[in-house]
Protein chains: 4
Amino acid sequence: MNSVYVGNITITIFGESHGEAIGAVIDGLPPGLKLDLDSINKEMDRRKPGSSKLTTMRRESDQVSIVSGLFEGYTTGAPLCGLIYTEDKKSKDYSELKVKMRPGHSDYPGNVHYRGFNDYRGGGHFSGRLTAPLVFAGAVAKEYLKQEGVVIGSHLKKIYNVEDKDFGSFGSEELIRLSEMSIPVIDPEVGAKMEAVILEAKHDEDSVGGEIECMALGVRVGIGSPLFNSLESRISSLMFSVPGVKGISFGRGFGFVDLKGSEANDPYYMAGEEVKVRSNNNGGIIGGISVGAPIVFKVAMKPTPSISKKQETINLETKTNTELEITGRHDPCIAIRGVPVVEAALAIALFDAYLEDKKWN
Amino acid sequence: MNSVYVGNITITIFGESHGEAIGAVIDGLPPGLKLDLDSINKEMDRRKPGSSKLTTMRRESDQVSIVSGLFEGYTTGAPLCGLIYTEDKKSKDYSELKVKMRPGHSDYPGNVHYRGFNDYRGGGHFSGRLTAPLVFAGAVAKEYLKQEGVVIGSHLKKIYNVEDKDFGSFGSEELIRLSEMSIPVIDPEVGAKMEAVILEAKHDEDSVGGEIECMALGVRVGIGSPLFNSLESRISSLMFSVPGVKGISFGRGFGFVDLKGSEANDPYYMAGEEVKVRSNNNGGIIGGISVGAPIVFKVAMKPTPSISKKQETINLETKTNTELEITGRHDPCIAIRGVPVVEAALAIALFDAYLEDKKWN
Amino acid sequence: MNSVYVGNITITIFGESHGEAIGAVIDGLPPGLKLDLDSINKEMDRRKPGSSKLTTMRRESDQVSIVSGLFEGYTTGAPLCGLIYTEDKKSKDYSELKVKMRPGHSDYPGNVHYRGFNDYRGGGHFSGRLTAPLVFAGAVAKEYLKQEGVVIGSHLKKIYNVEDKDFGSFGSEELIRLSEMSIPVIDPEVGAKMEAVILEAKHDEDSVGGEIECMALGVRVGIGSPLFNSLESRISSLMFSVPGVKGISFGRGFGFVDLKGSEANDPYYMAGEEVKVRSNNNGGIIGGISVGAPIVFKVAMKPTPSISKKQETINLETKTNTELEITGRHDPCIAIRGVPVVEAALAIALFDAYLEDKKWN
Amino acid sequence: MNSVYVGNITITIFGESHGEAIGAVIDGLPPGLKLDLDSINKEMDRRKPGSSKLTTMRRESDQVSIVSGLFEGYTTGAPLCGLIYTEDKKSKDYSELKVKMRPGHSDYPGNVHYRGFNDYRGGGHFSGRLTAPLVFAGAVAKEYLKQEGVVIGSHLKKIYNVEDKDFGSFGSEELIRLSEMSIPVIDPEVGAKMEAVILEAKHDEDSVGGEIECMALGVRVGIGSPLFNSLESRISSLMFSVPGVKGISFGRGFGFVDLKGSEANDPYYMAGEEVKVRSNNNGGIIGGISVGAPIVFKVAMKPTPSISKKQETINLETKTNTELEITGRHDPCIAIRGVPVVEAALAIALFDAYLEDKKWN
């Protein structure tokens, strides 16, 4: 169950950074779901590399070929397989990276985990490239959620020392608008500053971290579970499947520590026939279950570990200390391309929870 | 799979706050594991209520009756079932709580999720009392990990505005010593301050939040997986199964955002034949896999939502606004009793990951 | 996942033949299912030992205590735990059975599987007694299926050399009547003959095998899946969870081998607005999916391996050949008490498949 | 979990009869398994269509392209994806088969199950063609089992009214020899008779059923589980994933019914240091666990439902009775090409059970 997500849908992700093709197979999709391929490709484009000077120069069109499970525009209910063929394979010499372990990367623990048999080229199965099939699966999940009136969006809450505003009382349209920005931010003055910080890091052969804030509007009350399948469990588990994510917090998150119960609790009130919460400190989830308010959470992504600066490391073959300068193409800030990936992971978690809920109807 | 953890072991948790018995069944346990019942009871005691003025006054001995899977002191390999009979059931009038939804509690979303059929008495299946069987399962997992040389410990990093020191270069003995403290802290002056803050909140009919920092020493390199079963995915998923947890971060966590790659990466070096990291910003996990350094993470727990202060809420039956004063027995700070629960959740995640790894031997 | 059934519901079965209690926890039950405890106890009574001279003399009332998941007569949606306390524990000397492996029993493979740590008393976790919690889970499943208009029944198709008639065009009422017979047969003359054959075997310190034919009426078309979750896969997997089952066949089963396609195919026709099949050679399942006709299958149960006759075997401790005479209480024909167990297994499989189907609504 | 096998390995199968590609992704494969691509292709060739006049005339080379999880000839431990591109797609008019339901086929129940959105061309996801990726997965499993000393083989026990001998005391070499025969039989005179019977059915625009007997040699004692994951449960569940399988029996199977316990039990004896059974009525499995004797079982496959003879059926669109003559290419006896499929299913079940067992080492 390592590269397979098993829930009410099953998502199998396969491939390596420099393999012939990577892809995802989604099983358990309800039949009759109309897939808007334009929307799906738009999601793929948001993540794809090479689209700006803020991202890696590797060029991949990342078009998905759907080879099964779709018939006359609708899902059939049988597994949907999407393939992404690799285009920009550099026939590079990997002999150095085979033995010199890149700090902050999976190279060393991956080598031990896979007993030395892992495909080390470009990080192999650990590569950020594997988030492409995740985005594909998320895009399909979004198609389902659309029908349920759920809209997902996010912004870069912080890049290094540049911070964006909060969501405030954002609506669906504003969320959708964010998805069209190359640097999705709420405060219009912040984008340029973030860009500057990233380019400076790039110039310094370095990288920077970032924080993504994500929101889902329209999730109805009652979705999720107590205990092992709490909505937060589902979401966090998927978020930490994304390379580079090192923290997640819902609603006030770590800020809850500084609160008293009387400040933290979200009071209920009746808005006509509808139950509402006056505040949303809990980020829309209480007791592991959606409360009808927006789902809001933050994710911390570490700086890209691949940097060109000289670094101290080891040679695993000779068992000696050595130094390493990573050449090649990297994102100076993975949080930028992380935005659609985080949304995809959320979409999958919510899709799964919605299907779970239907069993009881 | 809601109240069942499905991995290389399966843990089924059942029961309600005021039911006859709650319990856990653990399947997939390796046969021949000697269970130290004293150690297990010690873990139960760490979590049990009524042991100090900092916790709820409900009195439960929380002794576990093991009714299957144990024979002559050793696990048999068949499911281990531990039952905890309820002792201190107050024959209280629950008619108010049936209709008045406690803010910050699962009452309202739980009612909708379970279509109005949930056992609302004392929170039912959502009750923090359900962490008792989780601690039992964690105690069994710890017995396994002990054999593998893994030691788990934690401290209260922060209670409201009182903050403890960092772990620094803690060793196993210091970790174990923490588990014997009623307020586990590193800085000896901090415990009394935390106690004061909690008692003040209690006096004010209020509650406070807290942050727990947890560490596992001795986890060998190579445990975990990329993608959906990353070690962080496993751990976080279990942490958010604990009522009140609202955030988790590994290593530098949200602090990664303020770092450059050159600062964040943990350089490798050879310590004799052994590969080590100079720093441990990644909290012992890179690429979803243990790197051989201590596993370190922080968890944020919100203030107990049950407070005696008057709160605004709704009456779900009459669909009107109303007010609520929760009487009864509550923890003024759930983070205190959360410590052994968080450790249990970690132990389960690591146990599972160790078994996963064995399949490839 | 050994003693845990993981599907759209999760069933955890625990206990040993001579343990304090055995039981089952069912998770994922829809909330609001009214449980008719009389019906459930009736199912338990059908399986319980000591009720006639055809069954073992062990006396167990096999009453189920439901300790969680039920509130005011309805399922809550949280896990339902049913406990069955052991009453008739003989404080017998098991030292012989610890080392002498009973032929046809799990003793030897179980010992190796569990690395010598299994509870060997009375077969431990392998005991037929573990079918009691299975029947409990099945009885709950039947409560759900009742609402969906599904009725399950079965008869003893054959005991040793005595054969019963076929179901023919049985209806619900006739099926229900079968469940009230101690020897459920269609041909009224056959029951006495079966009894005679069983008592003769008992007198000879021997045992006999039997074949059970089972039917589910009212299963609507479209339930099941192709491939790994075919309805036959689900059903057969559960049937082979029942100790002693060694074969299963659907519809014409092995008789299909002697047929031509033109004889085997079940032609469709319109009965008013409804699609029907002229014959039901496929036993109600085609392509892994229910076709709207009765589900019909047969199960072969081997003769009880516990016989008092002297048998050749080994002493596992001394690694020598030896002989064994099993004293104690056994069923001379497990197929008799197997009937409600087989029905329970079917009910669970169908219940699961119905929930699966709901996800797509 | 419909088209995904979830165990200690996960196998995801996707594709439709006339889709661009079909395939399988296997996750959880131990790293460092050397894959003999010749052996794998040999298995594919055994199943592939168009190789003799006894099989369908559809021509597919069924070569597998492995696009991930294999590096320098060894499995990496990451998911192994094998793609099989479709070559012989007839651009046929499917409008008749869209509305006329083929008797004995999944057309009608599949249509209802998938709410009318299934790809009906050539049976879509229900097609026997989907057994190609299953054979691929089984071939990989066989590579693992080879290392463990396990050899799998089978013969056609019966085709229509022509019956083969029993395995008797077959050894590995004889088993392997069977796999090289186009009509694998033990009695050399039987093959020609079977061929005659099949060709006669073909000439009559009809088809015949068949029984396959399968054996695994070298499975060590202790593999499997009691209850839900009994070795028979695992195996049978996979067998009924194969289109056309309608019955399975282990060892004496339905013949157990005619036996007494004293005849059915397999006595143990010591053969030097080794425990052996004098007979193997139980087909190598007792209590759900391997006993160290050959695993032996039989599988009944129904006659191919696709026949050219005129058949009575319905038009699902007009809701009227009608007649159908299926033109096109079919196997007159699917049991022939079913042999390698049954072996693949067994290999997967055993592979899974072996990995399960390793967790406890």
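Right, let's walk through the structure included here. (Residues numbered from 1 in each chain as written. Chains lettered and ligands numbered in written order. Predicted model: local features only at pLDDT ≥ 70, side-chain atom pairs only at ≥ 80, totals over all residues. Heavy atoms only, no water.)

1. Some remarks on the environment of Gly69(B)
Point 1. Looking at the element boundaries, Gly69(B) is found in the loop between β4 (65-68) and β5 (70-71).
Point 2. Through-space distance from the C-alpha of Gly69(B) to that of Val277(B) is 41 Å; in sequence the pair is 208 residues apart. (Helix = DSSP H or I, 4+ residues; strand = E, 2+ residues; numbered from the N terminus.)

2. Let's talk about the relation of the copies chain A and chain B
Point 1. Each copy of the sequence occupies a distinct position, and chain A is placed on chain B by a rotation of 180 degrees and an axial shift of 0.0 Å, giving an RMSD of 0.0 Å. On the angle and the small slide along the axis, the relation comes out as a two-fold axis.
Point 2. The residues that chain A uses at the interface reappear at the interface of chain B in 100% of cases, marking a shared surface. (Least-squares fit on C-alpha atoms with pLDDT ≥ 70 in both. Contact = heavy atoms within 4.5 Å.)

3. Examining helix α7 (residues 231-239) of chain A
Point 1. Counting buried residues along α7(A), nine of its nine residues qualify, which places the element largely inside the surrounding structure.
Point 2. Among the residues of α7(A), those classed as buried are Leu231(A), Glu232(A), Ser233(A), Arg234(A), Ile235(A), Ser236(A), Ser237(A), Leu238(A) and Met239(A). (Buried < 20%, exposed > 50% of the residue type's maximum accessible area, 1.4 Å probe, protein only.)

4. A few points about the relation of the copies chain B and chain C
Point 1. Each copy superposes on the other: chain B lies on chain C with an RMSD of 0.0 Å after a rotation of 180 degrees and an axial shift of 0.0 Å.
Point 2. Residue by residue, 100% of the interface of chain B is reproduced at the interface of chain C, so both copies engage with the same surface.

5. Notes on the packing of aromatic side chains
Point 1. One pass over the full model with this rule turns up 42 aromatic pairs over all chains.
Point 2. Grouped by ring-pair contacts, the aromatic residues Tyr114(A), Phe126(A) and Trp360(B) constitute a single cluster.
Point 3. One residue, Lys34(B), lies across the ring of Tyr74(B), its end atom 5.0 Å from the ring centre. (Phe/Tyr/Trp six-rings, centres within 6.5 Å; stacked < 30°, edge-to-face > 60°. Lys NZ or Arg CZ within 6 Å of the ring centre and 35° of its normal.)

6. With respect to the interface of chain B and chain C
Accessible area lost when the parts come together is the quantity often used to give the size of an interface.
Point 1. The interface is formed by 40 residues belonging to chain B together with 40 residues belonging to chain C.
Point 2. Summed over both sides, the interface between chain B and chain C buries roughly 3200 Å², with carbon and sulfur atoms accounting for 65% of that surface.
Point 3. The interface formed by chain B and chain C includes zero salt bridges.
Point 4. Counting across the interface, chain B meets chain C through eight residue pairs in polar contact (both at pLDDT 80 or more).
Point 5. Residue assignment for the side of chain B that touches chain C shows that the elements contributing at least two residues are β1 (4-6), β2 (10-14), β3 (21-27), β4, β6 (74-75) and β7 (80-85) of chain B.
Point 6. Examining the composition of the side of chain B that touches chain C, we find that four residues originate from one element, β2(B), more than from any other.
Point 7. The residue inventory of the side of chain B that touches chain C, partitioned by class, reads 19 nonpolar, 14 polar and seven charged. (Buried area = accessible area lost by both parts, 1.4 Å probe. Salt bridge = Lys/Arg side-chain N within 4 Å of Asp/Glu carboxyl O. Polar contact = N/O pair within 3.5 Å; in protein donor to acceptor, adjacent residues only side chain to side chain. Nonpolar A, V, L, I, M, F, W, Y, C, P; charged D, E, K, R; others polar.)

7. Side note on the packing of helix α1 (residues 37-47) of chain A against helix α4 (residues 131-147) of chain A
Residue and element names in this part refer to chain A.
Point 1. Taken N-terminus to C-terminus, the directions of α1 and α4 make an angle of 140 degrees; their axes are 9 Å apart at the nearest point. Judged by the angle between their axes, α1 and α4 are oblique. Between α1 and α4 the crossing geometry is right-handed. Here Ser 39, Ile 40, Glu 43, Met 44, Arg 46 and Arg 47 of α1 come into contact with α4, specifically with Thr 131, Ala 132, Val 135, Phe 136, Ala 139, Val 140, Lys 142, Glu 143 and Lys 146. (Axes fitted to C-alpha atoms, helices over the stretch in contact; angles between N-to-C directions. Parallel < 35°, antiparallel > 145°, perpendicular 65-115°, else oblique. Left-handed = near helix turned anticlockwise from the far one by under 90°.)

8. Structural notes on the pattern of salt bridges
Point 1. In total, this model carries 108 salt bridges over all chains according to the counting rule given.
Point 2. With a closest N to O distance of 2.9 Å, Lys146(A) and Glu143(A) form a salt bridge. Of the two residues, Lys146(A) and Glu143(A) are both situated in helix α4; the distance of three residues between them amounts to about one turn of the helix.
Point 3. On the basis of relative accessibility, which here comes to 6%, the residue Glu143(A) falls in the buried class.
Point 4. The salt bridge involving Lys359(B) is made with Glu356(B); its shortest N-O contact spans 3.6 Å.
Point 5. Residues joined in a network through salt bridges with shared partners are Arg115(A), Glu148(B), Arg220(B), Asp357(B) and Lys358(B).

9. Re the side chain of Glu356(B)
Point 1. With respect to the element layout, Glu356(B) can be found in helix α9 (residues 334-358).
Point 2. If we ignore the near neighbours within four places in the chain, the residues touching Glu356(B) are Asn2(A), Asn8(B) and Arg234(B).

10. Here's the deal with the sheet that holds strand β4 (residues 65-68) of chain D
All names here are of chain D.
Point 1. Spatially, the five strands line up as an open sheet ordered β1-β2-β3-β7-β4, and their pairing is antiparallel. The outermost strands of the open sheet, each flanked by one partner alone, are β1 (4-6) and β4. Each strand axis lies, on average, 15 degrees off the axis of its neighbour in the sheet, ignoring direction.
Point 2. Pairing between β1 and strand β2 (residues 10-14): three bridges, direction antiparallel. Bridge pairing in β2 places Val 4 opposite Thr 12. (Pairing = 2+ DSSP bridges.)

11. Topic: the interface of chain A and chain B
Point 1. Listed as interface residues are 104 residues of chain A and, on the opposing side, 104 residues of chain B.
Point 2. Counting each side, the surface lost to burial between chain A and chain B is near 8900 Å², with a carbon and sulfur contribution of 60%.
Point 3. Summed over the three residues of chain A that lose the most area to chain B, namely Phe228(A), Lys246(A) and Tyr268(A), the buried surface amounts to 10% of that side.
Point 4. Applying the counting rule to chain A against chain B returns eight salt bridges.
Point 5. Taken together, the residues of the side of chain A that touches chain B sort by class into 47 nonpolar, 35 polar and 22 charged.
Point 6. In terms of strand pairing, strand β11 (residues 245-250) of chain A meets strand β11 (residues 245-250) of chain B through three bridges, oriented antiparallel. Considered in β11(B), the bridge of Ile248(A) is made with Ile248(B).

12. Examining unusual backbone geometry
Point 1. Backbone geometry places Lys319(A), a non-glycine residue, at a positive phi of 55 degrees.
Point 2. Along the chain, Lys319(A) turns up in the loop between β17 (311-315) and β18 (320-324).
Point 3. Residue Lys319(A) is classed as partly exposed on the basis of its relative accessible area of 36%.
Point 4. The phi torsion at Arg115(C) lies on the positive side, around 55 degrees, for a residue other than glycine.
Point 5. For Arg115(C), the position within the fold is in the loop between α3 (107-113) and α4 (131-147).
Point 6. Look at Arg115(C) and you get partly exposed, because its relative accessible area is 27%.

13. Quick look at the sheet that holds β7(B)
Residue and element names in this part refer to chain B.
Point 1. Spatially, five strands are ordered β1-β2-β3-β7-β4 in an open sheet, and the strand pairing comes out antiparallel. Strands at the two margins of the open sheet, each flanked by one partner only, are β1 and β4. Strand-to-strand twist in this sheet, taken as the mean axis angle between neighbours without regard to direction, amounts to 15 degrees.
Point 2. When β4 meets β7, the two strands line up antiparallel, connected through three bridges. Paired with Ser 68 across the strands is Cys 81, a residue of β7.

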